[in-house]
Amino acid sequence: MNVSTKQQRIAELAKQSPELSFTSLNHYLDLDWLSQAYRGLRKDSAPGQDGQTVRDYGAELESNLPGLLERAKSGRYFAPPVQRVHIPKETGSETRPIGKPTTEDKLLQRAVSMVLEPIYEQDFLDCSYAFRPGRSAHDALEALWRQSTTLGTRWILDVDIAKFFDTLEKSQLRQFLQHRVRDGVITRLIDKWLKAGVLEQGAVHYPEDGVPQGGSLSPLLSNVYGRLFGRKGNVSRMTVDITSRWGLVS
């Protein structure tokens, strides 16, 4: 059974049982799964603090993966601090902090994301497009256009949550994740990443909240947080009410 078929089985179970909390997922993490995760990495992505590129890691992939898999499952995996750089935003003088995980860390994050995505994709709203597989900004614009022409929209409100990645509450995120995932290996790895710290200007610090932008797992975690925080704050009912009269694209 290939990785895609396994993901489909996870998705089907998640869809059939929307209240199910998965307690056994880490058996999907095998050498084939990690190999597929490596193939999904951008080969031109910037290296992390150790300077190892994706291609460098891939040159010894067959010898690298067994050790990574053993450390991930045994609990011996060490999540290194994420190197942080700042890039200018499109407008204004502000900068956007971007994390640069090491290649191995990126690979393992992607492997875990590949396990979690089929579950949470069943929970996300259809009007959500950001950081989702098979969806793009062009799809969001098309949905906005379709809603605007169908509903006779006269106003479009553009709302941005300032510093969302930086202010995401880790304790809340852990609680939200447990609604659907209670596999000890998976939750332990996520907790290691949340505690990994940030390397900036030669010093490591440990922010109380937030997840670094730039990691393979961070976009999914942000979507889980946004979706379930909205549910906890009764935004789901508001969203249904809004979409019955106006369009909503996120």
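About the criteria used
Residues numbered from 1 in each chain as written. Predicted model: local features only at pLDDT ≥ 70, side-chain atom pairs only at ≥ 80, totals over all residues. Heavy atoms only, no water. Helix = DSSP H or I, 4+ residues; strand = E, 2+ residues; numbered from the N terminus. Rg over C-alpha atoms; globule rule 2.2 N^0.38 Å. Buried < 20%, exposed > 50% of the residue type's maximum accessible area, 1.4 Å probe, protein only. Lys, Arg positive; Asp, Glu negative; His and termini not counted. Charge placed at Lys NZ, Arg CZ, Asp CG, Glu CD. Pairing = 2+ DSSP bridges. Axes fitted to C-alpha atoms, helices over the stretch in contact; angles between N-to-C directions. Contact = heavy atoms within 4.5 Å. Core = buried A, V, L, I, M, F, W, Y, C linked by side-chain atoms within 4.5 Å.

Peer 1: Help me understand the overall build of the chain in this model?
Peer 2: For the chain, the count of helices and strands is 11 helices and four strands. By the compact-globule yardstick of 18 Å for 250 residues, the chain fits well, its C-alpha radius of gyration being 19 Å. Each principal axis of the C-alpha atoms in the chain carries an extent, and together these give about 60 × 50 × 30 Å. Buried positions account for 40% of the 250 residues belonging to the chain. Between the centroid of the 33 positive side chains of the chain and the centroid of its 30 negative side chains there is a distance of 3 Å.

Peer 1: Would you mind going over the sheet that holds strand 1 (residues 82-88) with me for this structure?
Peer 2: Two orientations exist for strands paired in a sheet by backbone hydrogen bonds: parallel and antiparallel. Spatial strand order, 2-1-3-4: four strands in an open sheet with mixed pairing. Every other strand in the sheet has two partners, leaving strand 2 (95-100) and strand 4 (203-205) as the edge strands with one partner each. Taking each pair of neighbouring strands and ignoring which way they run, the sheet shows an average axis angle of 40 degrees.

Peer 1: What is the right way to look at the environment of Phe-124 in this model?
Peer 2: The topology assignment puts Phe-124 in the loop between helix 5 (103-120) and helix 6 (137-151). C-alpha separation for the pair Phe-124 and Val-224, spaced 100 residues apart in sequence, amounts to 8.0 Å. Look past the residues within four positions of Phe-124 in its chain and what remains in contact with it is Arg-132, Leu-220, Asn-223, Val-224 and Arg-227.

Peer 1: Looking at this model, I keep getting lost on the pairing of strand 1. Mind explaining?
Peer 2: Across a regular strand the side chains alternate sides, sitting on one face of the sheet and then on the other. As defined by bridge partners, strand 1 adjoins strand 3 (residues 198-200) across two bridges and the pair is classed as parallel. Looking across to strand 3, one finds that Val-82 is bridged to Val-198. In terms of strand pairing, strand 1 meets strand 2 through six bridges, oriented antiparallel. If you follow Gln-83 over to strand 2, its bridge partner there is Lys-100.

Peer 1: Explain the nonpolar core here, please?
Peer 2: Side chains of a nonpolar character, in soluble globular proteins, are inclined to be buried together. Counting residues in hydrophobic clusters, the biggest one holds 50 residues, and the most contacted among them are Trp-33, Leu-107, Leu-116, Tyr-120 and Trp-193. Where this core is concerned, the elements lending two or more residues are helix 1 (3-16), helix 2 (31-39), helix 3 (54-59), helix 4 (61-74), helix 5, helix 8 (170-178), helix 9 (184-194) and helix 10 (218-232). Ranked by residues supplied to this core, first place goes to helix 5 with nine residues. Setting aside chain neighbours within four positions, we find Tyr-120 in contact with Phe-176, Leu-177, Arg-180, Val-181, Leu-220 and Val-224.

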